[in-house]
Protein chains: 4
Amino acid sequence: MTHVAILGATGYTALELIKLMLRHPDVDITAVTSRQAGDHIRAVHPQLTDRIDLNLESLSTEQLADRADCVFSCLPHAASASTVAPLVESGMKVVDFSADYRLRDVASYEKWYGGTHPDPDRVGKTPYGLPEFFKDDIVTASLVANPGCYPTSAILALAPLLKNNLISPDGIIIDSKSGVSGAGRTAKMGTLYPECNESVSAYGVGRHRHMPEISQILERISGQSTDVIFTPHLVPMNRGILSTAYSRPIGSTNEKNLFDAFHACYEDCPFVRVVTPLPHTRDVVNTNYCDVTVRVVKDLVVTISCEDNLLKGASGAAVQNFNLMFGYPETTALL
Amino acid sequence: MTHVAILGATGYTALELIKLMLRHPDVDITAVTSRQAGDHIRAVHPQLTDRIDLNLESLSTEQLADRADCVFSCLPHAASASTVAPLVESGMKVVDFSADYRLRDVASYEKWYGGTHPDPDRVGKTPYGLPEFFKDDIVTASLVANPGCYPTSAILALAPLLKNNLISPDGIIIDSKSGVSGAGRTAKMGTLYPECNESVSAYGVGRHRHMPEISQILERISGQSTDVIFTPHLVPMNRGILSTAYSRPIGSTNEKNLFDAFHACYEDCPFVRVVTPLPHTRDVVNTNYCDVTVRVVKDLVVTISCEDNLLKGASGAAVQNFNLMFGYPETTALL
Amino acid sequence: MTHVAILGATGYTALELIKLMLRHPDVDITAVTSRQAGDHIRAVHPQLTDRIDLNLESLSTEQLADRADCVFSCLPHAASASTVAPLVESGMKVVDFSADYRLRDVASYEKWYGGTHPDPDRVGKTPYGLPEFFKDDIVTASLVANPGCYPTSAILALAPLLKNNLISPDGIIIDSKSGVSGAGRTAKMGTLYPECNESVSAYGVGRHRHMPEISQILERISGQSTDVIFTPHLVPMNRGILSTAYSRPIGSTNEKNLFDAFHACYEDCPFVRVVTPLPHTRDVVNTNYCDVTVRVVKDLVVTISCEDNLLKGASGAAVQNFNLMFGYPETTALL
Amino acid sequence: MTHVAILGATGYTALELIKLMLRHPDVDITAVTSRQAGDHIRAVHPQLTDRIDLNLESLSTEQLADRADCVFSCLPHAASASTVAPLVESGMKVVDFSADYRLRDVASYEKWYGGTHPDPDRVGKTPYGLPEFFKDDIVTASLVANPGCYPTSAILALAPLLKNNLISPDGIIIDSKSGVSGAGRTAKMGTLYPECNESVSAYGVGRHRHMPEISQILERISGQSTDVIFTPHLVPMNRGILSTAYSRPIGSTNEKNLFDAFHACYEDCPFVRVVTPLPHTRDVVNTNYCDVTVRVVKDLVVTISCEDNLLKGASGAAVQNFNLMFGYPETTALL
């Protein structure tokens, strides 16, 4: 039995994580923390009524170390690294949902996230929690940087093709469409129901923080400098991301080569499905799957991938990483 | 040409009002006010880009009197009466969207809304802006209490039947379903997209402030003490209210009697459609119509009515009242 | 290991059933049938890609008996009884999703469903698959009538109060709101996306076939003649039913009595949660829970209950029944 | 007063057209046709109850010529040209919503639409009904090819930049997101509510018939061979299209040049709004506006445009064309 604590337990990713962990036969959730300490967790997540009996608490590093073997941090960036660093030092294993340990260096972090990084030494040395490409590192890690939701969908569609030199690493365009839960659970006018419903819009064009994450991880995987343009869009649905990426084929690349690369790459990956029909987010929502497909259109390669942003794009991936870190079968609690 | 000013212009009802007024051939919108004074109105309502060129302002009674012949107040209750009273006294005509002048007496107001009424003398003497029943009063009024969204749908379905003694005034149950725009445009966690989407819930059971409004206005129309129970529900859509009301027939009431009463009552009412098929909110949304129908089921009368909560339930009714107060044809800008 | 076959596997309830059964440690799905025999199941349910490897087949009673210990019939009424009767006779256990065995007698069936009942002898003798009230019968049954989606939500909210003589069995009004998946997966103009989206409507007022099911089962449970009026509404969401029921209290019934009755009745029921706050369908969707609460408003009792129409209202209940029929823990595959 | 007839009046575009025309002071709708001849139009469009009193009819060319000065054809491709050709020959003016007269030659038509063109002589000689670029031709035309919904959004965003040599005509990528009404009002499983809701998907990748329309019209406007890749996506909302297009800047193109080109091009166009903030479809839905903006991201030009697919993308454009063809102010009935 592994004891786990969840930091920042009031948001959507924490709720999904708790629901997954309640299905995990070898896990006991022993603490949930929040600035709203004192409330029972069912007060913020009525779905959990009768399913878990914990109050939200405010806990020190020592208290967490007493209670848990593993900590999942759903705290915002910067706050997360500040909290997580001493936990790692005290010997706990940590899955960090924030962006604090995803980028390759402190300079990138400070350029895209601002401020000073609270734990610069671990930046660039922390495994990126995408088991499809970094499983060996994850298995032995005490700290894993859980990937961003958009990056997961983009990287899973592009990395096998880049790695196999089937597409050019330059001028890749990623046009992503996400449900609204990706914007978090904070009261903001822009995500009120009547503002988002029956509307599509682009946001953060050319400025979204997942753009450098995508290109840096694609570089890490493919070993070549990669340039991507990323445009996220908000779509009126709760969950799901679909990423349509446009890249240029190298040489005589055809659809068969591309599918072959996908199949070879994901043969042993339980949560990536290489599909022939065009995928719909409805078929991956509430699962940990990412569905990927590819088409050649004129002189372009069009890849399409989709996932549940809260599962494979967040909490499902976190459980996958947890399973690897603690020696459980990778799919436990995820099927 | 009538000059109009709109107070509290940043919300959903104000936006609809402005859009209607832009279609009114004899109206010039001369001022829009808000605590966010300074911004161009297109900054808060991008829909209005290139359609109206006004900044949000903070204006005194005198400034409003200089600028406008008619004021529409979309301010919250209490704030509205405080602002509106001096405007009426300075000779302006006012349509008040708040609940401040809807109830029959100050005691009711203070019971349901709390606080002290800022303008008690006009309470109980202000016409209720439902032209289908109070047209004569509205035509000569300088102040009109624009009805609540739920009450309009409930009253239009029940008043003709009560007035004609076809149903009992006791034990009427009104079960209403509303889109989320009715909850306003303020950032609250409860109306975030992922909280409301794909979910239905009841709220304010037995405690909603529209309950006394419905029963008091039904009494005013039918001349008999009326007792209603009102349960509002939130439904995942932007606009529209559907009210299903259950009452007991008197004597040998049958569907023909009920439809006859509807037809007789609404013969000259351009915005109430007595329909035979069961109505859908999709067919009244973006219009000023209220569709009503009725069925006898076992020993109960079931009326069903629907409207756009922002139009017939708010801004459309306001324009209808405005047209009557200023001598324009009742349907101007509304078809 | 129990071998199960699913008849009529192309619809929404069958899909949910398959997904649940894939989580059941002691179940092997050995056949899925359909008139579309020949296709792989992933062609009609892309969600199941890589999760189950079966083709849709057309199978005789004998073939089914060879392949399965238990059959779930998702066939339409009449077709279901015709198919199910010989299966039961050949010794298989059957959970029937159709309405064929839910009503108390053939006369009711023929009044509400028309036609001649294909298996009249089992009508009125088949346990109604609501384990909260009929567990003993289910445990020993070879055929169970899985409840209708609306009846489950209504009965769970009303039965404990009727049974305890807290509310009158006369004049009960049930106003239900359902997501669109309840209308099935057949191409019809009325359930096209643009027809349902952003709209609420009532349908089948006074004529819905779940009305007699609700009153007959309430009678069976409470032992007294019960009269209900049932009005279903279609709400723009995929899944979920919320039922608001209005009844008259008997004697000095108060909220405490009502909650006490709920708590006493559901103490040992793992899938009914008696909740204090007003429930939202979002908190039960994708679960097998039904959340119930109650309020006294003036001289009425208002109960509110909600469930996922495809789970507790269909496939989740079916698995619960299956677990009981085969001696598995009631909650297996359902938490 | 101009008399107009609408062919194929049961779909979504016809409904919007009728609603617009009911606001047109100089128009009388004198006939609506359909294969469902006999029904009152309110039976298929309950929104029109009490607003227009016409039965659906089946009419010959002669009967149409007797009744109407102008015909709007909402018939499917091929059927439309067959019906429209004799109407034009009999001297009527026609706005054709189908694709029959949009492409430059019969070869393109037959490649993308199949079959034999029923009226080949008018192909390539019919004005394309985009008044922003072809007003002079439209004014004098007896037949106008009303543009496709996707092409309008894409062309309005790209044409001014191509025409001014600010972007390269090669390798333009158009990634569009559309509401479901674009799929029409025919019962198909793929557009059932539960299939589309809470899901995004791409469709027709590399094969959509609007791809050649976009490139051919961009060529007609810019005078240079233009190559586009077009990927449509279905988004869970009723109405609205947002097109995100990626192209390569020529020379020292910067955002200021791009906005200048937009402003110069659309200075006198009442229905194209050049906006600075990123546009949302919610702000153009139910209007005839197309909002366009542009960003330079790294070495790409990203244009974003949005419109209501049923208005500026169909019926609004048709009314705009009608106004020009009959000498009414371009904006009549459209503001």
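This structure is a prediction, so every number in the text was calculated from the model and none was measured.

## Some details on the overall build of chain A
In terms of helices and strands, chain A carries 11 helices and 13 strands. For chain A, the C-alpha radius of gyration of 19 Å lies close to 20 Å, the compact-globule estimate for 335 residues. With the C-alpha coordinates of chain A rotated into their principal frame, the extents come out at 60 × 45 × 40 Å. With 335 residues in all, chain A has 60% of them scored as buried. Here the contacts in chain A between residues at least 6 apart in sequence split such that 69% fall between residues at least 24 apart.

## Some points on the domain arrangement of chain A
Residues and elements named next belong to chain A. Its domain assignment divides chain A into domain 1 (2-126) and domain 2 (149-309). On a C-alpha basis, the centroid separation for the pair domain 1 and domain 2 is 26 Å. Each partner contributes residues to the interface: domain 1 has 10 residues there, and domain 2 has seven residues. Sort the elements by how many residues they give to the side of domain 1 that touches domain 2 and helix 5 (residues 106-113) lands first, with three residues.

## Observations regarding the relation of the copies chain A and chain B
One copy of the chain maps onto the other through a rotation about an axis plus a displacement along that axis. Superposing chain A onto chain B takes a rotation of 180 degrees plus a shift of 0.0 Å along the axis, which leaves an RMSD of 0.0 Å. Both chain copies can therefore be described as sitting about a two-fold axis. Taken together, the interface assignments show that 100% of the residues at the interface of chain A recur at the interface of chain B, consistent with an identical surface on both copies.

## Here we look at the interface of chain A and chain B
Each side of the interface is counted separately: chain A has 15 residues, and chain B has 15 residues. Element by element, the count of residues in the side of chain A that touches chain B is highest for helix 8 (residues 193-196) of chain A, at three residues. Of the residues that constitute the side of chain A that touches chain B, the class distribution is eight nonpolar, four polar and three charged.

## Topic: the interface of chain A and chain D
Contacts between the two partners involve 34 residues from chain A and, on the opposite side, 34 residues from chain D. Looking at the side of chain A that touches chain D, the elements that each hand over two or more residues are strand 7 (172-178), strand 8 (201-202), strand 9 (228-234), strand 10 (241-247), strand 12 (290-297) and strand 13 (300-307) of chain A. For the side of chain A that touches chain D, a count of residues per class yields 18 nonpolar, 10 polar and six charged.

## Let's talk about helix 7 (residues 149-163) of chain B
All names here are of chain B. Across its 15 residues, helix 7 extends 21 Å between first and last C-alpha, which sits within 8% of the 21 Å expected from 1.5 Å per residue. The sharpest bend along helix 7 measures roughly 35 degrees and falls at Ile155. Among the 15 residues in helix 7, 14 count as buried, and that is most of the element. Asn165 occupies a position one or two residues after helix 7 and carries a positive phi of about 55 degrees.

## As for the environment of Leu278 of chain D
Following the sequence through the fold, Leu278 of chain D ends up in the loop between strand 11 (272-274) and strand 12 (290-297). Not counting the four nearest positions on each side in its chain, Leu278 of chain D is found in contact with Ser201, Ala202, Tyr203 and Val205 of chain A together with Thr293 and Ile304 of chain D.

## Observations regarding the packing of helix 1 (residues 12-22) of chain B against helix 11 (residues 311-326) of chain B
All names here are of chain B. Running from N to C, helix 1 and helix 11 point in directions that differ by 40 degrees, and their axes come no closer than 9 Å. The angle between the axes of helix 1 and helix 11 places the two elements in the oblique class. When the axes of helix 1 and helix 11 are compared, the crossing they make is right-handed. Each of Thr13, Glu16, Leu17 and Leu20 in helix 1 lies in contact with helix 11, whose residues at this interface are Leu311, Ala314, Ser315, Gly316, Ala318 and Val319. Partitioned by chemical class, the residues of the contact of helix 1 with helix 11 number six nonpolar, three polar and one charged.

Basis of the calculations
Residues numbered from 1 in each chain as written. Chains lettered and ligands numbered in written order. Predicted model: local features only at pLDDT ≥ 70, side-chain atom pairs only at ≥ 80, totals over all residues. Helix = DSSP H or I, 4+ residues; strand = E, 2+ residues; numbered from the N terminus. Rg over C-alpha atoms; globule rule 2.2 N^0.38 Å. Buried ≥ 20, exposed ≤ 12 C-beta atoms within 10 Å, placed from the backbone. Contact = placed C-beta atoms within 7 Å. Domains from an automatic or database assignment. Least-squares fit on C-alpha atoms with pLDDT ≥ 70 in both. Nonpolar A, V, L, I, M, F, W, Y, C, P; charged D, E, K, R; others polar. Expected span 1.5 Å × (residues − 1). Bend = angle between axes of the 7 residues up to and from the residue. Axes fitted to C-alpha atoms, helices over the stretch in contact; angles between N-to-C directions. Parallel < 35°, antiparallel > 145°, perpendicular 65-115°, else oblique. Left-handed = near helix turned anticlockwise from the far one by under 90°.

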